[in-house]
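Summary of structural features
Chain by chain, the residues:
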Amino acid sequence: MENIPVIKTERLTKIFPMGKGEFSALKGIDLKLGTGEFAGLIGPSGSGKTTLLNILGSLDSPSDGKALVLGQSIGKLTAKEAAKLRKEKIGFIFQSYNLLQVHTVYENVEFPLLLLNYSANERKKLVMGALEWVGLTDKIKQKPPQLSGGECQRVAIARAMVKTPSIVLADEPTANLDAVNSHNILQTMARMNEELKTTFLFATHDDKVIGYLKRKIYLKDGMIDKDVTN
Ligand SMILES: Nc1ncnc2c1ncn2[C@@H]1O[C@H](COP(=O)(O)OP(=O)(O)OP(=O)(O)O)[C@@H](O)[C@H]1O
Ligand SMILES: [Mg+2]
């Protein structure tokens, strides 16, 4: 297990149908991430950041080339295998949050733990811990429509991190946060990365996030333009 990269792509290509033609969102990405990296995809809007995260999160499949996550080939997995990979190993923070609108903050964060059969006591401890990380213990009974954008973003972050996954894929996780909340959350993530060797891959244009990254992967028009490790 030791030398299997957490993430590895080879000539990864993603083509979307567009009108009568098609559009290449990823044009041959070769990328390798090891255990415990704290890396970010940086690039202009439309450069392919979300497309790449979606494939690595097994929410979408490659059109060509390979994407391996913990040695498993995305696109070759059955729906059940992909669901198991997501449930057990991956925490995903979506650009659009994807919260359950009719459920409370507490229930949204608890959800991944229900899928993993944690006991009620363990769930309570973990959920309250995660809500403390993001500073939302006073809103546990509220539902997403009653929260601000930044609060929804923090619920999504707590939900992704509550099960302490091997990989966290975070799409613009600070887009709606003020400076204080951004730094608090980035420090929590950096601590989790240090202490648990959780691998983080962000998509971001936020200088606050970029300042914390140990590795910066610049995307341009669906290609890696630069890859810089501190
Ligand atoms: N389902 C889709 N069908 C067609 N085109 C798509 C689809 N998803 C993404 N694209 C196109 O692929 C390109 C890359 O999109 P992507 O969402 O990955 O960009 P991004 O780097 O995350 O941008 P942003 O910073 O705005 O979030 C865009 O030009 C987009 O229009
Ligand atoms: Mg995006």
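Check the entry above for the structure.
Okay, so let's go over this structure. Just so you know, these numbers come straight off a predicted model, no measurement behind them.

Neighbouring ligand 1 are 13 residues, the closest being S45, G46, K49, T50 and T51. Within the contact set of ligand 1, an oxygen atom lies 3.0 Å away from a backbone nitrogen or oxygen of G48. Between ligand 1 and T50, the relevant distance is 2.8 Å, taken from an oxygen atom to a side-chain nitrogen or oxygen of the residue. Across the complex, the protein chains shield 65% of the 640 Å² of accessible surface that ligand 1 would expose by itself. Those elements that provide at least two residues to the shell around ligand 1 are β2 (21-33) and α1 (49-56). Here the element with the most residues in the shell around ligand 1 is α1; it accounts for 3 residues. Its residues assigned to classes, the shell around ligand 1 shows 4 nonpolar, 8 polar and 1 charged.

A few words on the packing of helix α5 (residues 149-161) against helix α6 (residues 179-196). Between α5 and α6, whose axes approach to 12 Å, the crossing angle comes to 5 degrees. When the axes of α5 and α6 are compared, the pair comes out roughly parallel. Side by side, α5 and α6 meet where R154, I157 and M161 of the first sit next to N181, I185, T188, M189 and M192 of the second. Within the contact of α5 with α6, the residues separate by chemical class into 5 nonpolar, 2 polar and 1 charged.

Below, the discussion takes up the sheet that holds β2. With respect to topology, 4 strands assemble into an open sheet ordered β2-β1-β4-β5, the strand pairing being antiparallel. Of all the strands in the sheet, just β2 and β5 (72-73) have a single pairing partner and so form its edges. The sheet contact formed by strand β4 (residues 64-69) and β5 spans 2 bridges and is antiparallel. Looking across to β5, one finds that L68 is bridged to S73. α1 rests against β1 (7-18), β2 and β4 of the sheet, and its axis sits at about 120 degrees to β1.

This part is about the coordination of the magnesium ion (ligand 2). Coordination sphere of the magnesium ion (ligand 2), protein contribution only: T50 (OG1) and Q95 (OE1), at 2.0 to 2.5 Å. Linking T50 in helix α1 with Q95 in the loop between β6 (90-93) and α3 (105-115), this pair joins segments that are 45 residues apart in sequence.

What counts and how
Residues numbered from 1 in each chain as written. Chains lettered and ligands numbered in written order. Predicted model: local features only at pLDDT ≥ 70, side-chain atom pairs only at ≥ 80, totals over all residues. Heavy atoms only, no water. Near = heavy atom within 4 Å. Polar contact = N/O pair within 3.5 Å; in protein donor to acceptor, adjacent residues only side chain to side chain. Areas by Shrake-Rupley, 256 points an atom, 1.4 Å probe, with all protein chains shown as cover. Helix = DSSP H or I, 4+ residues; strand = E, 2+ residues; numbered from the N terminus. Nonpolar A, V, L, I, M, F, W, Y, C, P; charged D, E, K, R; others polar. Axes fitted to C-alpha atoms, helices over the stretch in contact; angles between N-to-C directions. Parallel < 35°, antiparallel > 145°, perpendicular 65-115°, else oblique. Contact = heavy atoms within 4.5 Å. Pairing = 2+ DSSP bridges. Donors = N, O, S within 2.8 Å, 3.2 Å for Na, K, Ca; no water.

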